[in-house]
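For reference, the chains in residue letters:
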Amino acid sequence: MEENVMEARQSLSRRDLLKGAGLVGATAVFGAALSGCASQGEDGTTLAATADVEWARETDIVVLGMGAAGLAAAITASREGAETLVLEKSSEEDSGGNSRVSGNIWCVATDEAAGLEYALNCANRIADQDTVEYLTAFMKAGMTLNDDFLIDFDMDIVELPGVYAPEHPGVPHSDGCSVVYCANGTVGESALWEAMRVGLDECENVEVLYEAPGLRLITDADGAVIGVVANVEGAEVNIKARKGVILCTGGYEFNDSMIENTYPAWPLFGRGTPYNTGDGIKMAQKVGADLWHMNCTQMGVGQIKVPGLDFGNGAYDSDIITTAVHFTVTEPTEGRLSLIHVDKHGKRFMAEDRPDRHSFGRREYLGWYDGIECEWPNLPFWLITDAATGTAGPLGVASNNESSKFSWFNAHSGYEWSEDNAPEVERGWVLKADTLAELASMMEVEAADLEATVERYNAMATAGVDEDFGRAAELMAPLGAGPYYALQVFPAIYNTQGGPKRNTKAQTLDPFGEPIPGLYNCGECGAGFGWVYNGGWNMAECCITGMWAATDAAARDAWDA
Ligand SMILES: Cc1cc2nc3c(=O)[nH]c(=O)nc-3n(C[C@H](O)[C@H](O)[C@H](O)COP(=O)(O)OP(=O)(O)OC[C@H]3O[C@@H](n4cnc5c(N)ncnc54)[C@H](O)[C@@H]3O)c2cc1C
């Protein structure tokens, strides 16, 4: 089973996500200028004498990516009077990045000093001075974000009391430091992204090209960024950016080697857009950017393999990609407490009721590497349950509800999990057996080990004390009669935070803290959060940094003036 997963993962790596993509309308946009092909060397070098570059097109500001950060940047650039071109890697249908399939909630501080202290305490105060300065500005900007920016869009800004405000209540200064909003009272459903997308349509001097990924940055002899090499209609063309290039290309959830190098656990799968492969991070690295917060991958309980489904335009490999599910026991839902999580050897490894806290509550348990045995025993792990829970409702569910666009799977598969799990057993997503021994055999686990685990758990659940992991008594129920069910569960990467380091103008910094002239990065492409964070800060950060970057870039003198 594990080998299959690795093979499947590798096959995704090899897959050309955009193979065959065409650019609607690109010829009209570029016309004959498409012949202005890139002059970079075959080694991909970005250095060029400006006079040597043949420009296919020029504009003031190029924004790469059209998630929330890209929208905020493009809208602000337009408002600041800059001619702006947005290059989006995906088709229009698939566009919007993680922003579009996210919960679309945003969280801001209500007290900037408390917000800063809370943010630092969330990261156990592991933050360098640059991060402190950045978060100080972020908290301050968040307090007026609604009035400064979001109020202009066609949506009602609705406060969500009690949602992630704060998400880490035990952390000092959590009280009263954050408030969470959503658009129109709707979580998910792309509500914030859609409102901003409509807002972009109303902007002047902004053009969007789909299926037009940015490939590399073009710099002058001094290292200033002066343009972008992009793929337009299958040809590499140079696009001049007179005032700046703003990287809004999201994270690197779907770049296998970057994930391997920054979060040492395997296999992992993303639950957002497969177009986020760290492109902007690599482009920035190539021109000398420093990186930060590469340790901050959000990875929680949440996905299973669902072979045979189509996930939209062939962007996902349908053999391996997984659904967003919640198999946890954080709520004392009647009839659904008789379940446990066991590792590859049939043994429990964590309290099944540990809060998710945007994945940080469970990440280290899932990703623990046993350096003696040289394996990740909990990747993937198994959910084991009995007939009572196995028939009490869907074992895996779309994470919000059937209509929600929360996660790429929900937005693109249209799959509705059954009430009795029978079709999912039929599909092979859920294993079912009359006895624990038979189930263990299907799982390729020693029957005696699984039976011993269930026996011990049942005794502790009956006694009301989890001596092994401290699961709350009211959230434990013994596993009763069979048939028994097993689901192999994989961690779900919500998103990554790390990327190019930036300052409070969203200028991209080199390793010596100097801005790289003409280069900016926003949103999840280099987020300001290391270690854990409060859910909802990402969308706020997209808006804030998009505004910072575009305001600064628009005010620059054109380099070719
Ligand atoms: C299921 C889920 C739920 C979430 N819920 C929330 C929430 O409720 N609140 C919150 O604050 N955060 C949430 N997050 C995190 C949040 O969605 C992201 O941090 C945020 O959307 C990042 O926005 P972005 O604009 O930086 O990147 P994205 O929205 O991911 O957009 C990046 C865009 O860049 C494009 N792109 C990539 N490479 C290139 C290239 N080379 N050239 C051109 N374009 C390129 C991509 O196609 C994509 O459209 C959630 C994440 C997930 C996955």
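To keep things clear, this report deals only with the structure shown in the data block.

Before going further, it helps to examine the side chain of Q497. With respect to the helices and strands, the residue Q497 is situated in the loop between β17 (484-496) and β18 (499-500). For Q497, the side chain forms a polar contact with the side chain of N538, separated by 2.9 Å. In this view, Q497 contacts H293, C296, Q298, E524, G526, A527, F529, Y533 and N538; residues no more than four positions away in its chain are not counted.

Our next topic: the packing of aromatic side chains. Scanning all chains against the criterion turns up 15 aromatic pairs. Look at Y134 and W292: their rings are 5.3 Å apart centre to centre, the planes differ by 80°, and that puts the pair in the edge-to-face class. Placement of Y134 in helix α6 (residues 129-143) and of W292 in strand β11 (residues 291-292) is noted, with a sequence separation of 158 residues between them. Here Y134 matches W292 in class, with each residue buried. Taken together through their ring pairs, the aromatic side chains of Y118, F138, F529, Y533 and W537 make up a single cluster. Here R363 stacks its cationic end above the ring of W531, 4.7 Å away from the centre of that ring.

In this model helix α3 (residues 68-79) runs 16 Å from its N-terminal to its C-terminal C-alpha over 12 residues, within 8% of the 16 Å that 1.5 Å per residue would give. Along α3, 11 of the 12 residues are buried, which leaves the element largely enclosed by surrounding structure. Here α3 has its buried residues at A68, A69, G70, L71, A72, A73, A74, I75, T76, A77 and S78. Remark: G81 follows α3 within two positions and exhibits a positive phi of approximately 85°.

Burial of strand β2 (residues 84-87) is two-sided: the residues T84 and V86 facing one way and the residues L85 and L87 facing the other way are all buried. Each parallel crossover has a hand, and for strand β1 (residues 57-64) linked through α3 to β2 it is right-handed. As judged from the 4 bridges shared by β2 and strand β6 (residues 206-209), these two strands associate in the parallel manner. Bridging from a neighbouring strand, V86 pairs with V208 of β6.

In the region of the ligand, 38 residues are neighbours, and E88, S99, N276, E524 and M539 sit closest. G65 is positioned such that a nitrogen or oxygen atom in its backbone is 3.5 Å from a nitrogen atom of the ligand. Within the side chain of N276, an N or O atom sits 2.8 Å from an oxygen atom of the ligand. For the shell around the ligand, the secondary structure elements donating two or more residues are α3, α4 (97-101), α10 (279-286), β17 and α17 (537-554).

Overall, antiparallel pairing links the 3 strands, which are arranged β3-β5-β4 in an open sheet. With partners counted over all chains shown, the strands left at the sheet margins are β3 (106-108) and β4 (157-159), one partner each. Between one strand axis and the next, the sheet turns by 35° as a mean value, whatever way the strands run. As paired strands, β4 and strand β5 (residues 179-183) are joined by 3 bridges and run antiparallel to one another. Of the residues in β5, the one forming a bridge with V158 is C182.

The next subject is the packing of α3 against helix α8 (residues 191-201). Contact geometry of α3 with α8 gives a least axis separation of 10 Å together with a crossing angle of 30°. Comparing their axes, α8 and α3 come out roughly parallel. Viewed along their axes, α3 and α8 form a crossing whose handedness is left-handed. Contacts from A68, L71, A72, A74 and I75 in α3 reach W193, M196, R197, G199 and L200 in α8.

Now for unusual backbone geometry. At the junction of L379 and P380, the peptide bond is cis and its omega measures out at -15° in the coordinates. In this structure, P380 sits in the loop between α11 (363-366) and β15 (381-385). In this model, G482 is joined to P483 through a cis peptide bond whose omega is 5°. By secondary structure assignment, the location of P483 is in the loop between α16 (447-463) and β17. With phi around 55°, Y164 is a residue other than glycine that occupies positive phi space. Looking at the element boundaries, Y164 is found in the loop between β4 and β5. The class of Y164 is partly exposed, set by a relative accessible area of 32%. If you check the backbone angles, C374 has positive phi at about 60° while not being a glycine.

In this section: the pattern of salt bridges. Considering all chains together, one arrives at 22 salt bridges under this definition. We note a salt bridge from E58 to K240, for which the minimum N-O separation is 3.7 Å. Of this pair, E58 sits in strand β1 while K240 sits in strand β9 (residues 235-247); the two residues are 182 residues apart in sequence, bridging distant segments of the chain. For E58, a relative accessible area of 36% corresponds to the partly exposed category. A salt bridge links E352 to R348; its shortest N-O distance comes to 2.8 Å. A single burial state applies to E352 and to R348, both of which are buried. One network of salt bridges, in which partners are shared, links E58, D60, E83, K240, R242 and D560.

Core analysis: the biggest nonpolar cluster contains 78 residues, and W106, L145, F149, L150, M196, I246 and W537 have the highest contact counts within it. Ranked by residue count, the leading element in this core is α17, at 12 residues. Aside from chain neighbours lying at most four places away, what touches W537 is C107, Y118, A119, F138, M139 and F529. Ranked by size, the runner-up nonpolar core spans 54 residues in total, among them L217, A230, V232 and Y252.

Scoring rules and cut-offs
Residues numbered from 1 in each chain as written. Predicted model: local features only at pLDDT ≥ 70, side-chain atom pairs only at ≥ 80, totals over all residues. Heavy atoms only, no water. Helix = DSSP H or I, 4+ residues; strand = E, 2+ residues; numbered from the N terminus. Polar contact = N/O pair within 3.5 Å; in protein donor to acceptor, adjacent residues only side chain to side chain. Contact = heavy atoms within 4.5 Å. Phe/Tyr/Trp six-rings, centres within 6.5 Å; stacked < 30°, edge-to-face > 60°. Buried < 20%, exposed > 50% of the residue type's maximum accessible area, 1.4 Å probe, protein only. Lys NZ or Arg CZ within 6 Å of the ring centre and 35° of its normal. Expected span 1.5 Å × (residues − 1). Right-handed = clockwise from strand over helix to strand, strands pointing away. Pairing = 2+ DSSP bridges. Near = heavy atom within 4 Å. Axes fitted to C-alpha atoms, helices over the stretch in contact; angles between N-to-C directions. Parallel < 35°, antiparallel > 145°, perpendicular 65-115°, else oblique. Left-handed = near helix turned anticlockwise from the far one by under 90°. Salt bridge = Lys/Arg side-chain N within 4 Å of Asp/Glu carboxyl O. Core = buried A, V, L, I, M, F, W, Y, C linked by side-chain atoms within 4.5 Å.

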